[in-house]
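Coordinate analysis (summary)
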Amino acid sequence: MTCEQQRRRSDEQDRVEALSRAIFWGADHMMIATGRDGVILDLNPAAERALGWNRYDLIGQHTPMAFHDPAEVESYGRLLSAQMGRPITGVDVFLCRAGAGVPDEREWTYVRKDGSRFAVLLTVSALCDRRGQPLGYVGIAKDLSADCRLRETEKALTDSVERFDRLAANLPGIVYQRLLRPDGAVRHTYVSAGLKTVLGYEPQELIDSPQLFWRMVHSDDLPSLVDALHRAAATMRTADLVYRALTADGEVRWLHSIAHPNIPVSYTHLAGDSQMTL
C-alpha cells in the first residue's frame, strides 16, 4: 500500500469515526456501549438525561442491570434458558442473542436513579471485529412513554365510545352528532343504531353520505326544518322539531327531534347533538 493509499484510508477512518461520534452524541435515543462482559464503556447524553445517572457513575462500574427491572430480567432469562438449553442470567440476558449474531429487540422497563420507571424499546447488537467476533455490544433504547400515554388515551377513548354506544342503544329513537362547517358543509360524526330501527338505514350510511339526512326528510317539511336548524345554529339555542321522515322502504313516519348546538374546542365547526324519537 502506497503512502497516498494509507493517507486516504486514514482519512476515511477518521470520517467514519467522526460520523459515529456525531450520531452517538447527538442521537435522541438512548445509546449505551458495553464490553464483552457487559460492563458499561460509554453512554450518550440522551441516556444520561433519561436515566438520571452521571455517565462517570456508570462507566466501568456497572452493567445495564443497574437500571433494569430485576423481575423482568429474571423472567426473560428463564425463557432464554429454555430456548438455548443452558442457564441465562444477569447481564447475559441482554447479550446472548446479540452475541450469536441476532439483534435482540424487546420492550423493557428502565428504572431511573430516583426509582421512577418508564418503558423502552431496546435493541441490542454486537460490535464485531473483521472475523465476526464480538468486541462489545451497543444498546439503543427508544423511550415509549409517549406511545404508552397515547395507547392509554386511545383505550380510554375506545372504552368511552363503547359505553356511549351501549347507552345510546338503550335510548328510544336515534342519537346523532353532526358538524356544520362555516362553508355550510355538514358531516355526521356519530349515529346510533336506532337509525336502523326507526328508519331502516344503517348508521354508517348516514356517516358516509351526509346528504342522506335531507333525503330522509319529507319534502313538504324540509324548508321549515332547514330554517329551524339554521336559526338554532345562529342563536345557539336548542331546537325542538316535529317533522315527517321517510324510511328506507318509503314509509312516512313522524319524528320529534331535539337538537342542542354547541361549539367544539377548535371553533371551526358547529356541532349539534340530537335525539329523535317517534
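Heads up: the structure comes first, above all this text.
**Digging into the overall build of the chain**
- Along the chain, the regular secondary structure elements total 10 helices and 10 strands.
- Across the 278 residues of the chain, 35% fall into the buried class.
- As displayed, the chain has an accessible area near 16,600 Å², and 54% of this comes from carbon and sulfur atoms.

**Details of unusual backbone geometry**
- For Met236, which is not glycine, the phi torsion reads 60° and is therefore positive.
- Mapped onto the elements of the fold, Met236 is located in the loop between helix H10 (222–235) and strand S8 (239–246).
- Here Met236 falls in the partly exposed class, since its relative accessible area comes to 35%.

**Concerning the pairing of S8**
- Of the two faces of S8, the one lined by Ala239, Leu241, Tyr243 and Ala245 is fully buried and the one lined by Asp240, Val242, Arg244 and Leu246 carries no buried residue.
- Linking two consecutive strands that pair antiparallel, namely S8 and strand S9 (residues 252–262), is a turn of 5 residues; a positive phi of about 90° is found at Gly250 within it.

**Observations concerning helix H4 (residues 70–84)**
- Here H4 contains 15 residues, and its C-alpha end-to-end distance of 20 Å stays within 8% of the 21 Å for a straight helix at 1.5 Å per residue.
- Buried residues belonging to H4 abut helix H5 (92–99) and strand S3 (104–111).
- By the N-cap criterion, in which a side-chain oxygen at the helix start approaches the backbone nitrogen of a residue two or three places on, H4 is capped by Asp69, the distance to Ala71 being 2.9 Å.
- Where H4 terminates, the next one or two residues include Gly85, which has phi positive at roughly 75°.

**Regarding the sheet that holds strand S5 (residues 134–143)**
- Pairing is antiparallel across the open sheet formed by 5 strands, whose spatial order is S2-S1-S5-S4-S3. Where the open sheet ends on each side, the last strands, each with one partner, are strand S2 (40–43) and S3. The mean angle between the axes of side-by-side strands here comes to 30°, regardless of whether they run parallel or antiparallel.
- Bridge count between strand S4 (residues 117–128) and S5: 9 bridges; the pairing is antiparallel. Counted as the bridge partner of Thr123 is Ile140 from S5.
- Against the sheet, H5 contacts strand S1 (30–35), S3, S4 and S5, and its axis sits at roughly 40° relative to S4.

**Describing empty space enclosed by the protein**
- Inspection of every chain in the model, using the stated rule, returns 3 cavities of 30 Å³ or more.
- Of the pockets and cavities examined, the largest cavity occupies roughly 130 Å³.
- Taken together, 15 residues make up the lining of the largest cavity; nearest its centre are Ile32, Pro64, Leu122, Val124 and Gly139.
- Residue assignment for the lining of the largest cavity shows that the elements contributing at least two residues are S1, H5, S4 and S5.
- Looking at which element gives the most residues to the lining of the largest cavity, the answer is S5, with 4 residues.
- When grouped by side-chain class, the residues that make up the lining of the largest cavity number 12 nonpolar, 3 polar and no charged.

Parameters at a glance
- Residues numbered from 1 in each chain as written.
- Predicted model: local features only at pLDDT ≥ 70, side-chain atom pairs only at ≥ 80, totals over all residues.
- Heavy atoms only, no water.
- Helix = DSSP H or I, 4+ residues; strand = E, 2+ residues; numbered from the N terminus.
- Buried < 20%, exposed > 50% of the residue type's maximum accessible area, 1.4 Å probe, protein only.
- Areas by Shrake-Rupley, 256 points an atom, 1.4 Å probe, with all protein chains shown as cover.
- Pairing = 2+ DSSP bridges.
- Expected span 1.5 Å × (residues − 1).
- Contact = heavy atoms within 4.5 Å.
- Polar contact = N/O pair within 3.5 Å; in protein donor to acceptor, adjacent residues only side chain to side chain.
- Axes fitted to C-alpha atoms, helices over the stretch in contact; angles between N-to-C directions.
- 1 Å grid on protein atoms, 1.4 Å probe; cavity = no way out; pocket = protein on both sides within 12 Å on 5 of 7 lines; lining within 4 Å.
- Points joined across faces, edges and corners; volume = space filled by probe spheres on them.
- Nonpolar A, V, L, I, M, F, W, Y, C, P; charged D, E, K, R; others polar.

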